[in-house]
Amino acid sequence: MRRLGAPAVSEFLPLAGVRVVDVTSSLAGPTCTQLLASLGADVVKVEPPSGDHARAWGPPFVAGQGAMFLAANAGKRLLVSDLSTPEGLETVLRLADESHVFVQSLRPGAAEAHGFGPDVVRARNPSLVYCTIGAFGSRGPLRDQPGYDPLLQAATGIMSVTGLPEQPPVRVGVSLIDLSTGVWAALGIVAALSRGEGCTIDVSLYETALWLLSYQLVGYLGTGDVPSREGSAFAQIAPYQVFATRDGELMIVAGNDKLFRSLCRVLGVERFANDPRFLTNPDRVRHRDEIAALIAERTQERATDELLGALIAAGVPASPVRDVGEAAEHEQTRALGILQHLDDFTTLAQPISFDGERLLHRSAPPRLGDYDNGQGPAR
(Lines give C-alpha, C1' and ligand atoms only; values in the text may rest on other atoms or scores of the structure.)
Protein backbone atom coordinates (compact mmCIF):
# COMPACT_ATOMS: atom_id res chain seq x y z
CA MET A 1 0.00 0.00 0.00
CA ARG A 2 1.26 3.44 -0.87
CA ARG A 3 1.68 5.51 2.27
CA LEU A 4 0.88 9.17 2.64
CA GLY A 5 3.94 11.22 1.85
CA ALA A 6 5.47 13.80 4.14
CA PRO A 7 3.42 16.97 4.63
CA ALA A 8 3.76 19.47 1.83
CA VAL A 9 5.39 22.84 2.26
CA SER A 10 2.33 24.22 4.04
CA GLU A 11 2.18 23.02 7.65
CA PHE A 12 -1.26 24.44 8.32
CA LEU A 13 -2.90 21.16 9.32
CA PRO A 14 -5.66 21.98 11.83
CA LEU A 15 -7.39 18.63 11.22
CA ALA A 16 -4.31 16.52 11.98
CA GLY A 17 -5.44 13.56 14.07
CA VAL A 18 -8.96 13.57 12.60
CA ARG A 19 -9.90 10.42 10.71
CA VAL A 20 -12.54 10.64 7.97
CA VAL A 21 -14.34 7.70 6.37
CA ASP A 22 -15.11 8.69 2.79
CA VAL A 23 -17.89 6.66 1.14
CA THR A 24 -18.45 9.09 -1.72
CA SER A 25 -18.01 9.13 -5.48
CA SER A 26 -18.31 11.46 -8.46
CA LEU A 27 -17.42 15.03 -7.43
CA ALA A 28 -19.31 16.71 -4.57
CA GLY A 29 -18.32 14.22 -1.86
CA PRO A 30 -14.73 13.76 -3.03
CA THR A 31 -14.33 17.55 -3.21
CA CYS A 32 -15.40 17.77 0.44
CA THR A 33 -13.08 15.04 1.68
CA GLN A 34 -10.14 16.25 -0.42
CA LEU A 35 -10.44 19.62 1.27
CA LEU A 36 -10.48 17.92 4.69
CA ALA A 37 -7.37 15.95 3.69
CA SER A 38 -5.58 19.15 2.67
CA LEU A 39 -6.34 20.51 6.15
CA GLY A 40 -4.60 17.52 7.71
CA ALA A 41 -7.33 14.90 8.14
CA ASP A 42 -6.56 11.23 7.55
CA VAL A 43 -9.12 10.46 4.86
CA VAL A 44 -9.79 6.81 4.06
CA LYS A 45 -11.61 6.53 0.75
CA VAL A 46 -13.80 3.43 0.57
CA GLU A 47 -14.32 2.12 -2.96
CA PRO A 48 -15.96 -1.05 -4.33
CA PRO A 49 -13.69 -3.51 -6.17
CA SER A 50 -14.71 -1.88 -9.46
CA GLY A 51 -13.61 1.53 -8.14
CA ASP A 52 -15.17 4.97 -8.07
CA HIS A 53 -16.94 5.32 -11.42
CA ALA A 54 -15.29 8.73 -11.86
CA ARG A 55 -12.03 6.85 -12.51
CA ALA A 56 -13.49 5.88 -15.88
CA TRP A 57 -15.12 9.22 -16.75
CA GLY A 58 -13.33 10.51 -19.79
CA PRO A 59 -11.58 11.33 -21.95
CA PRO A 60 -9.57 13.14 -20.95
CA PHE A 61 -7.58 10.51 -19.08
CA VAL A 62 -4.38 11.53 -17.35
CA ALA A 63 -1.95 8.90 -16.10
CA GLY A 64 -4.63 6.31 -16.85
CA GLN A 65 -7.31 7.93 -14.68
CA GLY A 66 -10.24 10.21 -15.38
CA ALA A 67 -9.30 13.86 -14.94
CA MET A 68 -12.29 14.44 -12.62
CA PHE A 69 -11.19 11.64 -10.29
CA LEU A 70 -7.64 12.97 -10.13
CA ALA A 71 -8.87 16.51 -9.46
CA ALA A 72 -10.92 15.50 -6.39
CA ASN A 73 -9.12 12.69 -4.58
CA ALA A 74 -5.61 13.82 -3.64
CA GLY A 75 -4.30 13.26 -0.13
CA LYS A 76 -6.44 10.19 0.60
CA ARG A 77 -5.75 6.56 1.45
CA LEU A 78 -7.75 3.75 -0.06
CA LEU A 79 -9.76 0.85 1.32
CA VAL A 80 -11.41 -1.44 -1.21
CA SER A 81 -14.48 -3.03 0.33
CA ASP A 82 -17.69 -4.52 -1.05
CA LEU A 83 -20.33 -2.94 1.16
CA SER A 84 -22.99 -5.32 -0.14
CA THR A 85 -21.33 -8.18 1.77
CA PRO A 86 -21.43 -8.70 5.55
CA GLU A 87 -17.64 -8.74 5.67
CA GLY A 88 -17.28 -5.50 3.75
CA LEU A 89 -19.92 -3.77 5.84
CA GLU A 90 -18.33 -4.87 9.11
CA THR A 91 -14.92 -3.62 7.95
CA VAL A 92 -16.31 -0.14 7.30
CA LEU A 93 -18.35 -0.07 10.51
CA ARG A 94 -15.26 -0.98 12.55
CA LEU A 95 -13.38 1.80 10.78
CA ALA A 96 -16.20 4.24 11.61
CA ASP A 97 -16.02 3.17 15.25
CA GLU A 98 -12.48 4.58 15.37
CA SER A 99 -13.12 7.69 13.26
CA HIS A 100 -14.30 11.24 13.80
CA VAL A 101 -16.15 11.89 10.54
CA PHE A 102 -18.19 9.75 8.14
CA VAL A 103 -19.18 11.17 4.74
CA GLN A 104 -21.44 9.37 2.27
CA SER A 105 -23.09 10.42 -0.98
CA LEU A 106 -24.97 7.31 -2.06
CA ARG A 107 -28.37 7.35 -3.71
CA PRO A 108 -31.22 8.24 -1.33
CA GLY A 109 -31.81 5.41 1.14
CA ALA A 110 -28.84 3.34 -0.04
CA ALA A 111 -26.70 3.87 3.06
CA GLU A 112 -29.60 2.84 5.29
CA ALA A 113 -30.36 -0.19 3.10
CA HIS A 114 -26.73 -1.31 3.27
CA GLY A 115 -26.62 -0.94 7.04
CA PHE A 116 -24.51 2.17 7.52
CA GLY A 117 -27.09 4.94 7.79
CA PRO A 118 -26.56 7.67 10.37
CA ASP A 119 -28.67 6.02 13.07
CA VAL A 120 -26.66 2.79 12.93
CA VAL A 121 -23.23 4.37 12.67
CA ARG A 122 -23.80 7.05 15.33
CA ALA A 123 -25.33 4.51 17.71
CA ARG A 124 -21.97 2.73 17.63
CA ASN A 125 -19.96 5.97 17.80
CA PRO A 126 -22.06 8.82 19.28
CA SER A 127 -19.23 11.37 18.96
CA LEU A 128 -19.07 10.87 15.18
CA VAL A 129 -19.90 13.67 12.74
CA TYR A 130 -21.98 11.97 10.02
CA CYS A 131 -22.46 13.94 6.79
CA THR A 132 -24.88 12.97 4.05
CA ILE A 133 -24.46 14.65 0.66
CA GLY A 134 -27.71 14.20 -1.21
CA ALA A 135 -29.42 15.35 -4.38
CA PHE A 136 -32.71 17.02 -3.45
CA GLY A 137 -32.46 17.21 0.34
CA SER A 138 -33.73 15.18 3.27
CA ARG A 139 -37.38 16.34 3.07
CA GLY A 140 -39.97 17.14 0.44
CA PRO A 141 -41.59 15.37 -2.53
CA LEU A 142 -38.31 14.96 -4.43
CA ARG A 143 -36.25 13.65 -1.49
CA ASP A 144 -35.98 10.09 -2.89
CA GLN A 145 -34.89 11.10 -6.38
CA PRO A 146 -31.25 10.80 -7.45
CA GLY A 147 -29.52 13.69 -9.12
CA TYR A 148 -26.36 14.95 -10.77
CA ASP A 149 -25.06 18.47 -11.25
CA PRO A 150 -26.63 19.17 -14.70
CA LEU A 151 -29.97 17.74 -13.60
CA LEU A 152 -30.00 20.10 -10.62
CA GLN A 153 -29.01 23.00 -12.89
CA ALA A 154 -32.18 22.25 -14.83
CA ALA A 155 -34.39 21.62 -11.79
CA THR A 156 -33.53 24.80 -9.89
CA GLY A 157 -33.49 27.39 -12.67
CA ILE A 158 -29.74 27.81 -13.18
CA MET A 159 -30.00 26.65 -16.79
CA SER A 160 -32.85 29.07 -17.39
CA VAL A 161 -30.57 32.04 -16.73
CA THR A 162 -27.58 30.64 -18.63
CA GLY A 163 -27.02 31.18 -22.34
CA LEU A 164 -28.22 33.57 -25.02
CA PRO A 165 -31.78 34.96 -24.93
CA GLU A 166 -32.66 33.62 -28.36
CA GLN A 167 -31.15 30.17 -27.75
CA PRO A 168 -32.23 27.22 -25.57
CA PRO A 169 -30.99 27.10 -21.96
CA VAL A 170 -27.51 25.66 -21.52
CA ARG A 171 -25.57 23.99 -18.74
CA VAL A 172 -22.96 26.05 -16.91
CA GLY A 173 -19.63 24.84 -18.28
CA VAL A 174 -18.26 23.79 -14.87
CA SER A 175 -19.75 21.48 -12.23
CA LEU A 176 -20.59 24.48 -10.12
CA ILE A 177 -23.18 22.81 -7.89
CA ASP A 178 -21.05 19.74 -7.13
CA LEU A 179 -18.00 21.81 -6.23
CA SER A 180 -19.95 24.28 -4.12
CA THR A 181 -21.79 21.49 -2.30
CA GLY A 182 -18.46 19.88 -1.45
CA VAL A 183 -17.21 23.11 0.10
CA TRP A 184 -20.44 23.56 2.10
CA ALA A 185 -20.16 19.98 3.38
CA ALA A 186 -16.56 20.56 4.47
CA LEU A 187 -17.53 23.81 6.18
CA GLY A 188 -20.30 22.05 8.09
CA ILE A 189 -17.95 19.26 9.15
CA VAL A 190 -15.28 21.67 10.38
CA ALA A 191 -17.94 23.61 12.31
CA ALA A 192 -19.25 20.41 13.91
CA LEU A 193 -15.75 19.28 14.86
CA SER A 194 -15.05 22.64 16.46
CA ARG A 195 -18.16 22.16 18.63
CA GLY A 196 -16.73 18.88 19.87
CA GLU A 197 -19.95 16.87 19.72
CA GLY A 198 -21.26 14.30 17.31
CA CYS A 199 -24.05 15.31 14.95
CA THR A 200 -25.71 14.51 11.65
CA ILE A 201 -25.19 16.94 8.75
CA ASP A 202 -27.29 17.08 5.61
CA VAL A 203 -26.33 19.03 2.50
CA SER A 204 -27.76 18.65 -0.97
CA LEU A 205 -27.13 19.74 -4.52
CA TYR A 206 -30.63 21.25 -4.67
CA GLU A 207 -30.08 23.51 -1.66
CA THR A 208 -26.68 24.58 -2.94
CA ALA A 209 -28.13 25.42 -6.34
CA LEU A 210 -30.83 27.58 -4.75
CA TRP A 211 -28.13 29.34 -2.72
CA LEU A 212 -26.17 30.01 -5.91
CA LEU A 213 -29.31 31.69 -7.28
CA SER A 214 -29.63 33.86 -4.16
CA TYR A 215 -29.97 37.32 -5.73
CA GLN A 216 -32.13 36.06 -8.60
CA LEU A 217 -34.48 34.44 -6.08
CA VAL A 218 -34.56 37.52 -3.85
CA GLY A 219 -35.45 39.62 -6.89
CA TYR A 220 -38.19 37.24 -8.00
CA LEU A 221 -39.67 36.89 -4.52
CA GLY A 222 -39.73 40.66 -4.13
CA THR A 223 -41.08 41.62 -7.54
CA GLY A 224 -42.54 38.55 -9.23
CA ASP A 225 -40.27 39.12 -12.24
CA VAL A 226 -38.71 35.89 -13.53
CA PRO A 227 -35.02 36.32 -14.51
CA SER A 228 -34.09 35.50 -18.08
CA ARG A 229 -30.97 34.58 -20.04
CA GLU A 230 -28.64 37.51 -20.73
CA GLY A 231 -25.70 35.87 -22.49
CA SER A 232 -22.48 37.38 -21.15
CA ALA A 233 -24.36 40.39 -19.76
CA PHE A 234 -25.48 40.91 -16.17
CA ALA A 235 -29.11 41.81 -15.56
CA GLN A 236 -28.50 44.35 -12.78
CA ILE A 237 -25.58 46.32 -14.27
CA ALA A 238 -24.81 47.86 -17.67
CA PRO A 239 -22.48 47.91 -19.51
CA TYR A 240 -21.24 44.64 -18.03
CA GLN A 241 -20.62 42.11 -20.82
CA VAL A 242 -18.35 40.87 -23.59
CA PHE A 243 -17.70 43.24 -26.50
CA ALA A 244 -16.05 42.31 -29.78
CA THR A 245 -12.82 44.08 -30.69
CA ARG A 246 -11.11 44.31 -34.06
CA ASP A 247 -9.26 41.05 -33.43
CA GLY A 248 -10.90 39.39 -30.44
CA GLU A 249 -13.19 39.94 -27.46
CA LEU A 250 -13.04 41.77 -24.15
CA MET A 251 -15.15 41.43 -21.05
CA ILE A 252 -15.76 45.01 -19.91
CA VAL A 253 -17.18 45.65 -16.45
CA ALA A 254 -18.31 49.22 -15.85
CA GLY A 255 -19.91 48.50 -12.50
CA ASN A 256 -20.70 52.07 -11.40
CA ASP A 257 -21.20 55.59 -12.74
CA LYS A 258 -17.56 56.57 -12.29
CA LEU A 259 -16.35 53.54 -14.23
CA PHE A 260 -18.88 54.23 -16.97
CA ARG A 261 -17.55 57.78 -17.36
CA SER A 262 -14.00 56.40 -17.54
CA LEU A 263 -15.06 53.88 -20.18
CA CYS A 264 -16.62 56.66 -22.24
CA ARG A 265 -13.38 58.66 -22.09
CA VAL A 266 -11.32 55.69 -23.25
CA LEU A 267 -13.71 55.14 -26.15
CA GLY A 268 -13.73 58.84 -27.04
CA VAL A 269 -17.47 59.20 -26.47
CA GLU A 270 -17.63 61.37 -23.35
CA ARG A 271 -21.07 62.60 -24.48
CA PHE A 272 -22.58 59.23 -23.62
CA ALA A 273 -21.87 59.86 -19.94
CA ASN A 274 -24.12 62.91 -20.02
CA ASP A 275 -26.86 61.36 -22.12
CA PRO A 276 -30.10 61.28 -20.07
CA ARG A 277 -30.57 57.65 -21.10
CA PHE A 278 -27.28 56.64 -19.47
CA LEU A 279 -26.79 58.92 -16.47
CA THR A 280 -27.18 56.25 -13.78
CA ASN A 281 -26.94 52.49 -13.69
CA PRO A 282 -30.74 52.02 -13.55
CA ASP A 283 -30.95 54.29 -16.63
CA ARG A 284 -28.35 52.21 -18.44
CA VAL A 285 -30.04 48.93 -17.51
CA ARG A 286 -33.34 50.23 -18.92
CA HIS A 287 -31.50 51.16 -22.15
CA ARG A 288 -29.11 48.19 -22.11
CA ASP A 289 -29.40 47.32 -25.80
CA GLU A 290 -28.85 50.90 -26.89
CA ILE A 291 -25.72 51.51 -24.82
CA ALA A 292 -24.33 48.09 -25.71
CA ALA A 293 -24.72 48.79 -29.42
CA LEU A 294 -23.07 52.21 -29.11
CA ILE A 295 -20.11 50.80 -27.17
CA ALA A 296 -19.74 47.87 -29.57
CA GLU A 297 -19.34 50.28 -32.49
CA ARG A 298 -16.27 51.75 -30.75
CA THR A 299 -14.69 48.57 -29.41
CA GLN A 300 -14.81 46.94 -32.83
CA GLU A 301 -12.51 49.68 -34.11
CA ARG A 302 -9.76 48.91 -31.57
CA ALA A 303 -7.24 46.07 -31.28
CA THR A 304 -7.72 43.89 -28.21
CA ASP A 305 -4.33 44.52 -26.60
CA GLU A 306 -4.41 48.26 -27.24
CA LEU A 307 -7.92 48.70 -25.88
CA LEU A 308 -7.22 46.45 -22.89
CA GLY A 309 -4.19 48.53 -21.97
CA ALA A 310 -6.14 51.76 -22.23
CA LEU A 311 -9.00 50.42 -20.10
CA ILE A 312 -6.71 49.13 -17.38
CA ALA A 313 -4.79 52.40 -17.32
CA ALA A 314 -8.10 54.20 -16.82
CA GLY A 315 -9.11 51.84 -14.01
CA VAL A 316 -11.89 50.12 -15.94
CA PRO A 317 -11.98 46.36 -15.18
CA ALA A 318 -11.55 44.36 -18.38
CA SER A 319 -10.16 41.02 -19.53
CA PRO A 320 -9.74 39.06 -22.72
CA VAL A 321 -11.95 35.98 -22.99
CA ARG A 322 -9.32 33.29 -22.51
CA ASP A 323 -9.72 29.58 -23.09
CA VAL A 324 -8.76 27.03 -20.43
CA GLY A 325 -5.33 26.46 -21.91
CA GLU A 326 -4.55 30.17 -21.95
CA ALA A 327 -5.65 30.49 -18.33
CA ALA A 328 -3.55 27.49 -17.29
CA GLU A 329 -0.45 28.93 -18.96
CA HIS A 330 -0.98 32.51 -17.84
CA GLU A 331 1.74 34.05 -15.69
CA GLN A 332 -0.84 35.03 -13.05
CA THR A 333 -1.81 31.37 -12.57
CA ARG A 334 1.83 30.38 -12.21
CA ALA A 335 2.65 33.28 -9.90
CA LEU A 336 -0.04 32.18 -7.45
CA GLY A 337 1.47 28.71 -7.12
CA ILE A 338 -1.92 27.03 -7.37
CA LEU A 339 -0.75 24.39 -9.86
CA GLN A 340 0.68 21.42 -7.95
CA HIS A 341 2.54 18.48 -9.46
CA LEU A 342 1.70 15.11 -7.88
CA ASP A 343 3.51 11.98 -9.04
CA ASP A 344 2.76 11.86 -12.79
CA PHE A 345 0.17 14.61 -13.21
CA THR A 346 -0.53 18.23 -12.32
CA THR A 347 -3.61 19.30 -10.39
CA LEU A 348 -4.99 22.36 -8.61
CA ALA A 349 -3.99 22.98 -5.03
CA GLN A 350 -6.61 24.51 -2.77
CA PRO A 351 -7.58 28.14 -3.53
CA ILE A 352 -6.58 29.45 -0.10
CA SER A 353 -3.33 30.44 1.63
CA PHE A 354 -2.46 30.80 5.31
CA ASP A 355 0.27 33.25 6.28
CA GLY A 356 1.29 33.34 2.64
CA GLU A 357 1.58 29.54 2.30
CA ARG A 358 -0.59 27.75 -0.25
CA LEU A 359 -2.73 24.92 1.16
CA LEU A 360 -1.36 21.96 -0.79
CA HIS A 361 -2.33 18.33 -1.23
CA ARG A 362 -0.17 15.94 0.77
CA SER A 363 -0.16 13.04 -1.69
CA ALA A 364 -1.51 11.95 -5.07
CA PRO A 365 -4.88 10.18 -5.35
CA PRO A 366 -4.62 6.45 -4.59
CA ARG A 367 -4.57 4.00 -7.44
CA LEU A 368 -7.16 1.25 -7.27
CA GLY A 369 -4.52 -1.38 -6.50
CA ASP A 370 -3.07 0.58 -3.58
CA TYR A 371 -4.93 -1.05 -0.70
CA ASP A 372 -4.32 -3.69 1.94
CA ASN A 373 -6.55 -6.58 0.85
CA GLY A 374 -9.54 -5.36 2.84
CA GLN A 375 -8.01 -5.85 6.27
CA GLY A 376 -8.37 -2.19 7.18
CA PRO A 377 -6.35 0.86 6.18
CA ALA A 378 -2.67 0.89 7.01
CA ARG A 379 -0.56 3.90 7.78
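Predicted, not measured: the structure shown is a model, and the values here were computed from it.

## Let's talk about the sheet that holds strand S10 (residues 249-253)
- An order of S9-S10-S11 is seen for the three strands of this open sheet, with the pairing classed as antiparallel. Two strands bound the open sheet, and with one partner strand each, they are strand S9 (240-244) and strand S11 (318-320). Along the sheet, successive strands turn relative to each other by an average axial angle of 25 degrees, direction set aside.
- Pairing of S10 with S11 involves three bridges; the strand directions are antiparallel. Each residue of the ladder has a partner; that of Ile252, found in S11, is Ala318.
- Lying over the sheet, helix H13 (residues 304-313) contacts S10 and S11, oriented at roughly 15 degrees with respect to S10.

## Some details on helix H3 (residues 86-97)
- Taking 1.5 Å of rise per residue, 12 residues should cover 16 Å, and H3 covers 16 Å from first to last C-alpha, within 8% of that figure.
- Within H3, burial applies to Gly88, Leu89, Thr91, Val92, Leu93, Leu95 and Ala96.
- For H3, the secondary structure elements touched by its buried residues are strand S1 (19-23), strand S2 (42-47), strand S5 (76-80), strand S6 (101-104), helix H4 (110-114) and helix H5 (118-124).

## Thoughts on the sheet that holds strand S7 (residues 129-134)
- The strand order across the open sheet built from six strands is S5-S2-S1-S6-S7-S8, with neighbouring strands paired in parallel fashion. Only two strands of the sheet have a single partner each, and these edge strands are S5 and strand S8 (199-204). Neighbour-to-neighbour, the strand axes of the sheet open up by a mean angle of 20 degrees, direction not taken into account.
- Where S1 meets S2, four bridges bridge the pair, whose relative direction is parallel.

The rules behind each value
- Residues numbered from 1 in each chain as written.
- Predicted model: local features only at pLDDT ≥ 70, side-chain atom pairs only at ≥ 80, totals over all residues.
- Heavy atoms only, no water.
- Pairing = 2+ DSSP bridges.
- Helix = DSSP H or I, 4+ residues; strand = E, 2+ residues; numbered from the N terminus.
- Axes fitted to C-alpha atoms, helices over the stretch in contact; angles between N-to-C directions.
- Contact = heavy atoms within 4.5 Å.
- Expected span 1.5 Å × (residues − 1).
- Buried < 20%, exposed > 50% of the residue type's maximum accessible area, 1.4 Å probe, protein only.

Purely spatial values, then, with no claim about function.
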